[in-house]
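# Examination of the molecular architecture
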Amino acid sequence: MFVHPDEDPRADGGFRGERDVLLGYLRDQRITLQLKCGGLDAEALARRSVEPSDLSLLGLVRHLAGVEQYWFRQVMAGQDVRRHYRSVAEPAGEFTGAVADPVVVADAWKTWRAEVAFAEQLVAQAPGMDVTGDCGGEPVELREVLVHVIEEYARHNGHADFLRERIDGRVGQ
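The structure reproduced in this document is the subject of the present report. (Residues numbered from 1 in each chain as written. Predicted model: local features only at pLDDT ≥ 70, side-chain atom pairs only at ≥ 80, totals over all residues. Heavy atoms only, no water.)

## Some remarks on the overall build of the protein
Looking only at helices and strands, one finds six helices and two strands in the protein. In the protein, the order of α-helices and β-strands from amino to carboxyl end is α-α-α-α-α-β-β-α. A globule of 173 residues ought to have a C-alpha radius of gyration of about 16 Å, and the protein, at 16 Å, matches this closely. Excluding contacts between residues fewer than 6 apart, the proportion of contacts in the protein whose partners are at least 24 apart in sequence is 70%. A total accessible area of about 9000 Å² is found for the protein, and carbon and sulfur atoms account for 54% of it. Across the protein, the centroid of the 20 positively charged side chains sits 3 Å from that of the 29 negatively charged ones. (Helix = DSSP H or I, 4+ residues; strand = E, 2+ residues; numbered from the N terminus. Rg over C-alpha atoms; globule rule 2.2 N^0.38 Å. Contact = heavy atoms within 4.5 Å. Areas by Shrake-Rupley, 256 points an atom, 1.4 Å probe, with all protein chains shown as cover. Lys, Arg positive; Asp, Glu negative; His and termini not counted. Charge placed at Lys NZ, Arg CZ, Asp CG, Glu CD.)

Okay, structure coming up:
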């Protein structure tokens, strides 16, 4: 177990109203990612799952920073920014560049936290869940973006469960 149930920082439900439900579940998913990566050094965070996969916990942190950036900065805020860790030459750079270097790990967490903070501010300032962004020329509502990002975290936190178990035997809750 990652934390004793009495010390678990996640709410695991009990939210009321659309905004609070969506933000509560997203917050819990973000905390889950942090819990699954907690206490590991750069080597463990960068350890790949199985050949030939580039999947690692560090890669997931970098990938989810990009997910946050894309959906909240680019789609919802309309910012034209260079994607984190990706390029034309390295389209899977968030995973292939996830190397066992403390500087790379620190950058990944700093980038992820900055994107989470941006997203939280954007959502807090939104007048409602029906605010729309532009997703490839199609309007998308904030509520749909939040559900999609929750789904991204949930799927990748499932991957993180297996990665962490392979690293040190810890299993998630």
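Picking up after the structure, the text goes on.
## A short note on helix 6 (residues 142-168)
For helix 6, which comprises 27 residues, the first-to-last C-alpha distance of 38 Å matches the rise-based estimate of 39 Å (1.5 Å per residue) to within 8%. A positive phi of about 85° marks Gly 169, the residue just after helix 6. (Expected span 1.5 Å × (residues − 1).)

## Description of the side chain of Lys 36
Topologically, Lys 36 is positioned in helix 1 (residues 18-37). With relative accessibility at 3%, the residue Lys 36 sits in the buried group. Of note is the side chain of Lys 36, whose polar atom sits 2.3 Å from the side chain of Asp 161. (Buried < 20%, exposed > 50% of the residue type's maximum accessible area, 1.4 Å probe, protein only. Polar contact = N/O pair within 3.5 Å; in protein donor to acceptor, adjacent residues only side chain to side chain.)

## Considering the packing of aromatic side chains
The final tally for this structure, using the stated rule, is two aromatic pairs. Ring plane angle 85° and centroid distance 5.0 Å describe the contact between Tyr 70 and Trp 71, whose orientation is recorded as edge-to-face. On the accessibility criterion, Trp 71 (14% relative accessible area) is buried. Relative to Trp 112, the ring of Trp 109 lies with its centre 5.4 Å away and its plane at 90°, an arrangement referred to as edge-to-face. Of this pair, Trp 109 and Trp 112 both sit in helix 5 (residues 102-125), three residues apart, which is roughly one turn of that helix. Of the two residues, Trp 109 and Trp 112, neither departs from the other in class, the shared state being buried. Against the face of Tyr 85 rests Arg 62, its NZ or CZ located 3.9 Å from the ring centre. A cation sits over an aromatic face here: Arg 73 above Phe 118, 4.0 Å from the ring centre. (Phe/Tyr/Trp six-rings, centres within 6.5 Å; stacked < 30°, edge-to-face > 60°. Lys NZ or Arg CZ within 6 Å of the ring centre and 35° of its normal.)

## A few points about the nonpolar core
Within the largest apolar cluster, 45 residues are counted, with the highest numbers of intra-cluster contacts made by Leu 57, Phe 72, Trp 112 and Leu 142. Going through the elements one at a time, helix 1, helix 2 (42-46), helix 3 (57-76), helix 5 and helix 6 are the ones with two or more residues in this core. By residue number, the principal contributor to this core is helix 3, which donates 11 residues. What Leu 57 contacts, discounting residues up to four positions off in sequence, is Lys 36, Cys 37, Leu 40, Leu 45, Ala 160, Leu 163, Arg 164 and Ile 167. (Core = buried A, V, L, I, M, F, W, Y, C linked by side-chain atoms within 4.5 Å.)

Keep in mind these values describe shape, not function.
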